[in-house]
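Observations on chain architecture
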Amino acid sequence: MSVPTLPGITAKTITTARLSTRVLFAGPDDGVPVLFVHGNASSATFWEEVMLALPEGFRALAPDLRGYGGADRAVLIDATRGMRDFSDDLRALLDTLGIEKAHVVGHSLGGAVIWQMMMDYPERLITVTQVDPGSPFGFGGSKGLDGQPTQPDFAGSGGGTVNPDFARLMGEGNRAADNPQASPRIVMNSFYWKPPFVPAREEDLLSSLLSEHVGPEQYPGDFVPSENWPNVAPGLWGPINAMSAKYAAPIEGLYAADPKSPVLWVRGSDDQIVSDMSLFDFGTLGKLGAVPGYPGEDVFPPQPMVSQTRAVLEQYVARGGSFREEVIEGTGHTPYIEKPAEFNALLHAHLQRGA
């Protein structure tokens, strides 16, 4: 599926030692590089307006991640490596483009990728901006501020937690709005931003969502049955399994990173996807009575995603790093699309402080 780009955005196919994919560019070739990393059920398309708004002297680049958009469909995500396939892909992209260091900006799953880059390649990062990022402990399957497993096999996370109708409709390229629980358009407009907001480029953003690679080894990925509630545990393939706490890298790697890039953490005040009561988390759904057989909050509480991130960043500071938390009021999971002027002011100041 080809998604159109805005004037001023150039799309190229870049082939690295690891992956061939579509990469969007904006700004002067000799500008200071800013690498944008998109979230799940989206692509680099989501970043275009932010890329075009960068201050003079910066060069924006935004790839479609492995498993998304214009990436080679034959190259799969090995979920047992957590976020490392993505992190290694981005390092290879920087190498291929001859970029020694870059500012990095990650959203949602892209934020989880950036946590991994901070562990694996801290010397390649100038500043870090995290926008409603996934918890450093993964998405689903953990509890408490230190990310302890909710179940020994991490049941309640991974590919089996995805609504199969949503994945099916995504794979069919469905653009309708006739299934209130699973239509990609309804899910996007209900959860990506705070209703009743609807973006001007709704159709292009929907096309971007629909461009994710769908299949049992892609999205939503495989799963295994579990004797633990809710009776599905992570499989081996695809982005949702890769995000499970089962495969998250040990957090000590983040604390030990050297050098430690300054972190700007921006989040929407009304995010329903990444929150301490995420409506995409089985702990929340069980507590709300939406999934039968809930074993109770003592066994499977809602994952405190925002509180986990804050606790990790506070420890990052204690180990010599720095961070600032900014909340954009009246926005959901994608504040840079909902209130771009407010987001860009925060981002530009952070980039220029770190330049």
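In what follows, the accompanying structure is described. Computed from a prediction, not measured in an experiment: that's the story for all the values here.

With that settled, consider the pattern of salt bridges. Should the charged atoms of two oppositely charged side chains come close, the side chains can pair. Evaluated as defined, the whole model comprises 23 salt bridges. For glutamate 325, the salt bridge goes to arginine 267, with nearest N and O atoms at 2.9 Å. Of this pair, glutamate 325 sits in strand E14 (residues 323-328) while arginine 267 is found in strand E13 (residues 263-268), placing the two residues 58 residues apart along the sequence. Look at glutamate 325 and you get partly exposed, because its relative accessible area is 27%. What makes arginine 267 buried here is its relative accessible area of 17%. Arginine 310 is paired through a salt bridge with glutamate 325; the nearest N and O atoms lie 2.8 Å apart. Residue arginine 310 is found in helix H10 (residues 305-318), and its partner glutamate 325 is found in strand E14; the two are separated by 15 residues along the sequence. Among the residues examined, arginine 310 registers a relative accessible area of 23% and is labelled partly exposed. Put simply, Arg18, Arg66, Arg81, Asp85, Asp88 and Asp89 are held in one network by salt bridges that share partners.

On to the sheet that holds strand E6 (residues 125-131), then. Strand order in the open sheet formed by 8 strands is E1-E2-E4-E3-E5-E6-E13-E14, and the pairing between neighbours is mixed. With one partner strand each, in any of the chains shown, strand E1 (10-15) and E14 form the two edges of the open sheet. Each strand axis lies, on average, 20° off the axis of its neighbour in the sheet, ignoring direction. As paired strands, strand E3 (residues 32-37) and strand E4 (residues 58-63) are joined by 4 bridges and run parallel to one another. Along E4, the bridge assignment pairs leucine 35 with leucine 61. Sheet strands in contact with helix H2 (residues 84-96) are E1, strand E2 (20-26), E3, E4 and strand E5 (102-107), and its direction is about 150° off that of E3. Strand contacts of helix H12 (residues 340-354): E3, E4, E5, E6, E13 and E14, with the helix running at about 160° to E6, the strand carrying the most contacts.

Our next topic: the nonpolar core. Counting residues in hydrophobic clusters, the biggest one holds 88 residues, and the most contacted among them are Leu35, Phe36, Trp47, Met51 and Met118. In terms of residue count, the dominant contributor to this core is helix H3 (residues 109-120) (8 residues). Setting aside anything within four residues of it in sequence, one finds leucine 35 in contact with Leu61, Pro63, Leu90, Leu93, Leu94, Ala102, His103, Val104 and Val105. By size, the runner-up hydrophobic cluster in this structure holds 5 residues, among which are Phe282, Leu285, Val291 and Phe300.

This part covers a nonpolar patch on the surface. Together, Met277, Leu279, Phe280 and Leu288 make up an exposed nonpolar region whose accessible area comes to about 330 Å². As for its position among the elements, phenylalanine 280 is in the loop between E13 and helix H9 (282-287). Phenylalanine 280 sits in the partly exposed class, given a relative accessible area of 35%.

Now for H12. Residues three or four positions apart in an α-helix share a direction because the helix packs 3.6 residues into each turn. When the terminal C-alpha atoms of H12 are compared, their 21 Å separation across 15 residues agrees well with the 21 Å that a helix rising 1.5 Å per residue should span. Taken residue by residue, H12 has Phe343, Asn344, Leu346, Leu347, His348, His350 and Leu351 as its buried positions.

Okay, the side chain of histidine 350 next. Tracing the chain through its elements places histidine 350 in helix H12. Taking the relative accessible area as the measure of exposure, histidine 350 reaches 5% and is therefore buried. Within the local environment of histidine 350, its side chain forms a polar contact with the backbone oxygen of valine 128, the two atoms lying 3.0 Å apart. Once residues lying within four places of it in the same chain are set aside, the contact partners of histidine 350 are Thr127, Val128, Thr129, Pro262, Val263 and Leu264.

Bringing the pairing of E2 into the picture now. Burial within E2 is extensive, with 6 of its 7 residues counted as buried. Two elements, E1 and E2, share 6 bridges in a ladder whose sense is antiparallel. Note that in E2 the partner of alanine 11 across the bridge is leucine 24. In this antiparallel pair of consecutive strands, E1 and E2, the connection spans 4 residues. Relative to E4, E2 runs antiparallel, the two being bridged by 4 bridges. Bridge pairing in E4 links alanine 26 to alanine 60.

Turning our attention to the pairing of E5. As a general feature of sheets, a regular strand has side chains that alternate between the two faces. Burial analysis of E5 places 6 of its 6 residues in the buried class, which makes it a mostly covered element. As paired elements, E3 and E5 share 4 bridges and run parallel to each other. From the neighbouring strand, leucine 35 faces E5, where its bridge partner is valine 104. In the sheet, E5 pairs with E6 via 5 bridges, with the strands oriented parallel. Within E6, the position partnered with alanine 102 by the bridge is leucine 125. In terms of handedness, the path from E5 via H3 over to E6 forms a crossover that is right-handed.

Conventions we followed
- Residues numbered from 1 in each chain as written.
- Predicted model: local features only at pLDDT ≥ 70, side-chain atom pairs only at ≥ 80, totals over all residues.
- Heavy atoms only, no water.
- Salt bridge = Lys/Arg side-chain N within 4 Å of Asp/Glu carboxyl O.
- Helix = DSSP H or I, 4+ residues; strand = E, 2+ residues; numbered from the N terminus.
- Buried < 20%, exposed > 50% of the residue type's maximum accessible area, 1.4 Å probe, protein only.
- Pairing = 2+ DSSP bridges.
- Axes fitted to C-alpha atoms, helices over the stretch in contact; angles between N-to-C directions.
- Contact = heavy atoms within 4.5 Å.
- Core = buried A, V, L, I, M, F, W, Y, C linked by side-chain atoms within 4.5 Å.
- Patch = residues over 30% accessible without salt bridge, like charges linked within 9 Å, V, L, I, M, F, W, Y side chains within 5 Å.
- Areas by Shrake-Rupley, 256 points an atom, 1.4 Å probe, with all protein chains shown as cover.
- Expected span 1.5 Å × (residues − 1).
- Polar contact = N/O pair within 3.5 Å; in protein donor to acceptor, adjacent residues only side chain to side chain.
- Right-handed = clockwise from strand over helix to strand, strands pointing away.

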